[in-house]
Amino acid sequence: MDVAILGAGAMGSLFGGLLAEAGHDVTLVDIDDAHLEAIRRDGLRMATDAGERVVTKLHVCRPEAAQRAPELLIVFTKTMHTEAALAAASALIGPHTTVLSLQNGLGNVERLARSVPRERILVGVTTWPADKPAAGRVNSHGSGMIRLMSADGEKRESVLRTVAALNSAGLACSADTDVWITIWEKVAFNAALNSLCAVTQCTVGELSNVPDGPELALKIVAEVAALARTSGVAVDEAHIVDNVRHALANHRSHRPSMLQDVLAGRKTEIEAINGAVVEAARAVPMAVPCTQTLLQLVRLVDASATR
Ligand code: NAD
């Protein structure tokens, strides 16, 4: 398959590297010149549980230099950069291009739909982890999965072809018309743990140093789960609570991406997570006081970190 990845940071590089290894024709599109130059010069150094190797078959370019519309465009920018990236890389969206978002948070379909007809958008969720320790490198250890569907819920050939391509790269993908449940469950988990860690600068484990941490996290989970159910998405709250408790007990030294962004002085994805929850709650209307307070606190942190 002819694939382009818009936003080739941690996740985009991992997916691009694995797809290229599986024989697909992959172009990484990003604005990080050092990363692009390192890959152009030396290849992508990719470390997974299968070992460390160099992927040399990747094409790289900046968004404005992209000239060819691929069959599949995977958008892997952070959520707040989606629209600018798509605007700069409009040549990547041709009449036969399918566009996939596996980004975290809510509102990804709506952001893509400003540039792409809805019937050509796929949406989903992934639990694969990745980080980019330096230019030209990507690490991913542990396992993960992908669930996706067409944004309009129709059965489409593009869903089958995308699932097959991602599976050929070992990414454990399946089509799932219940994907909104998984998306909302991940939003609830992230709204709780990411925002709390971003504000307190605690690791996930440190949130349990006093009972207030787990108590607040579970209040946020309850708010988001109630909102999801009110919005017609049948999330399993007990399952989210189990995942949160498991993370608190086992991922003790983990710094969620939102905390990593704060520490690096980058803007966080709070608007697509707690922000989107608060907006959806306002439309019902429904009160989500803890989620909203954390949104306001992270906005304050963001404003100082990106000063
Ligand atoms: P990242 O910051 O590592 O990568 C984002 C990339 O987008 C960067 O390389 C950046 O230069 C690029 N970018 C920014 N603006 C751009 C533009 N205008 N045009 C082209 N490229 C642009 O982020 P990530 O960790 O790979 O996360 C990407 C998405 O996947 C996020 O929504 C995140 O929440 C989600 N996600 C991440 C993980 C993870 O483990 N990293 C897991 C699941 C989901």
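Residues numbered from 1 in each chain as written. Predicted model: local features only at pLDDT ≥ 70, side-chain atom pairs only at ≥ 80, totals over all residues. Heavy atoms only, no water.

**Examining the overall build of the protein chain**
- Helix and strand content of the protein chain: 11 helices and 11 strands.
- Relative to a compact globule of 307 residues, whose C-alpha radius of gyration would be 19 Å, the protein chain shows 19 Å and is just as compact.
- Taking the principal axes of its C-alpha atoms as reference, the protein chain extends roughly 50 × 40 × 35 Å.
- Counting only residues that meet the buried cut, the protein chain has 50% of its 307 residues in that class.
- In the protein chain, the share of contacts with a sequence separation of at least 24, taken over all contacts with a separation of at least 6, comes to 70%.
- As presented, the protein chain carries roughly 13,400 Å² of accessible surface, and 51% of it is formed by carbon and sulfur atoms.
- Between the averaged position of the 29 positive side-chain charges in the protein chain and that of its 34 negative side-chain charges there is a distance of 3 Å. (Helix = DSSP H or I, 4+ residues; strand = E, 2+ residues; numbered from the N terminus. Rg over C-alpha atoms; globule rule 2.2 N^0.38 Å. Buried < 20%, exposed > 50% of the residue type's maximum accessible area, 1.4 Å probe, protein only. Contact = heavy atoms within 4.5 Å. Areas by Shrake-Rupley, 256 points an atom, 1.4 Å probe, with all protein chains shown as cover. Lys, Arg positive; Asp, Glu negative; His and termini not counted. Charge placed at Lys NZ, Arg CZ, Asp CG, Glu CD.)

**Some thoughts on the site of the ligand**
- Close to the ligand lie 23 residues; Ala10, Met11, Asp30, Asn104 and Glu269 are nearest.
- In the model, an oxygen atom of the ligand is placed 3.3 Å from a nitrogen or oxygen of the glycine 9 main chain.
- Burial of the ligand by the surrounding chains reaches 84%, relative to a free accessible area of 830 Å².
- The class makeup of the residues in the shell around the ligand is 11 nonpolar, seven polar and five charged. (Near = heavy atom within 4 Å. Polar contact = N/O pair within 3.5 Å; in protein donor to acceptor, adjacent residues only side chain to side chain. Nonpolar A, V, L, I, M, F, W, Y, C, P; charged D, E, K, R; others polar.)

**Thoughts on the sheet that holds strand 3 (residues 44-48)**
- Reading across the sheet, the three strands line up as 4-3-9 and stay open at both edges, with mixed pairing between neighbours. Both outer strands of the open sheet, strand 4 (51-55) and strand 9 (137-139), are each paired with one neighbouring strand and no more. For this sheet, the mean inter-axis angle between neighbouring strands, taken without regard to orientation, is 15°. (Pairing = 2+ DSSP bridges. Axes fitted to C-alpha atoms, helices over the stretch in contact; angles between N-to-C directions.)

**Some points on the packing of helix 6 (residues 179-200) against helix 7 (residues 212-230)**
- Relative to each other, helix 6 and helix 7 sit at 150°, their axes nearing to 9 Å. Considering the angle they form, helix 6 stands roughly antiparallel to helix 7. In this structure, helix 6 meets helix 7 at a crossing whose hand is right-handed. Touching Trp184, Val187, Ala188, Ala191, Ala192, Leu193, Ser195 and Leu196 of helix 6 are Gly213, Leu216, Ala217, Ile220, Val221, Val224, Leu227 and Ala228, all from helix 7.
- In the contact of helix 6 with helix 7, the residues fall into 14 nonpolar, two polar and no charged. (Parallel < 35°, antiparallel > 145°, perpendicular 65-115°, else oblique. Left-handed = near helix turned anticlockwise from the far one by under 90°.)

**Section: helix 6**
- Between its first and last C-alpha, helix 6 extends 31 Å over 22 residues, near the 32 Å set by a 1.5 Å rise per residue.
- Residue asparagine 190 marks the point of greatest curvature in helix 6, where the axis turns by about 30°.
- Looking one or two residues past helix 6, glutamine 201 carries a phi angle of roughly 60°, positive in sign. (Expected span 1.5 Å × (residues − 1). Bend = angle between axes of the 7 residues up to and from the residue.)

**Quick word on the nonpolar core**
- Counting 65 residues, the largest nonpolar core has Leu6, Leu73, Leu92, Trp184, Leu193 and Val224 as its most contacted members.
- Two domains each donate at least three residues to this core, and these are domain 1 (2-177) and domain 2 (180-305).
- Apart from residues lying up to four places away in sequence, leucine 73 is in contact with Ala4, Ile5, Leu6, Leu86, Leu92, Ile93, Thr97, Thr98, Val99 and Leu100.
- If you look at the next biggest cluster of nonpolar residues, it comprises 34 residues, including Leu19, Met46, Leu102 and Leu148. (Core = buried A, V, L, I, M, F, W, Y, C linked by side-chain atoms within 4.5 Å. Domains from an automatic or database assignment.)

**Considerations on the domain arrangement of the protein chain**
- Domain parsing of the protein chain yields domain 1 (2-177) and domain 2 (180-305).
- On a C-alpha basis, the centres of domain 1 and domain 2 stand 25 Å from each other.
- The partner domain 2 presents 15 residues to the 15 residues of domain 1 that form the contact.
- Here domain 1 meets domain 2 over a buried area of about 1,400 Å², counting both sides, of which 65% is carbon and sulfur.
- A per-residue breakdown of the area domain 1 buries against domain 2 is headed by Lys78, Asn104 and Leu106, which together make up 43% of the total. (Buried area = accessible area lost by both parts, 1.4 Å probe.)

**Section: the packing of aromatic side chains**
- In the structure shown here, the tally under the stated rule is one aromatic pair.
- Both rings, one in phenylalanine 15 and one in phenylalanine 76, keep their centres 5.0 Å apart while their planes meet at 75°; by these two values the pair is edge-to-face. With phenylalanine 15 in helix 1 (residues 10-21) and phenylalanine 76 in the loop between strand 6 (72-75) and helix 3 (82-88), this residue pair connects regions lying 61 residues apart in the sequence. This pair shows no difference in class: phenylalanine 15 is buried, exactly as phenylalanine 76 is. (Phe/Tyr/Trp six-rings, centres within 6.5 Å; stacked < 30°, edge-to-face > 60°.)

**As for the side chain of aspartate 261**
- Within the secondary structure, aspartate 261 is located in helix 9 (residues 257-263).
- Polar side-chain contacts of aspartate 261 include one of 3.2 Å to the side chain of lysine 78.
- Setting aside its immediate chain neighbours within four residues, aspartate 261 contacts Lys78, Arg266, Lys267 and Thr268.

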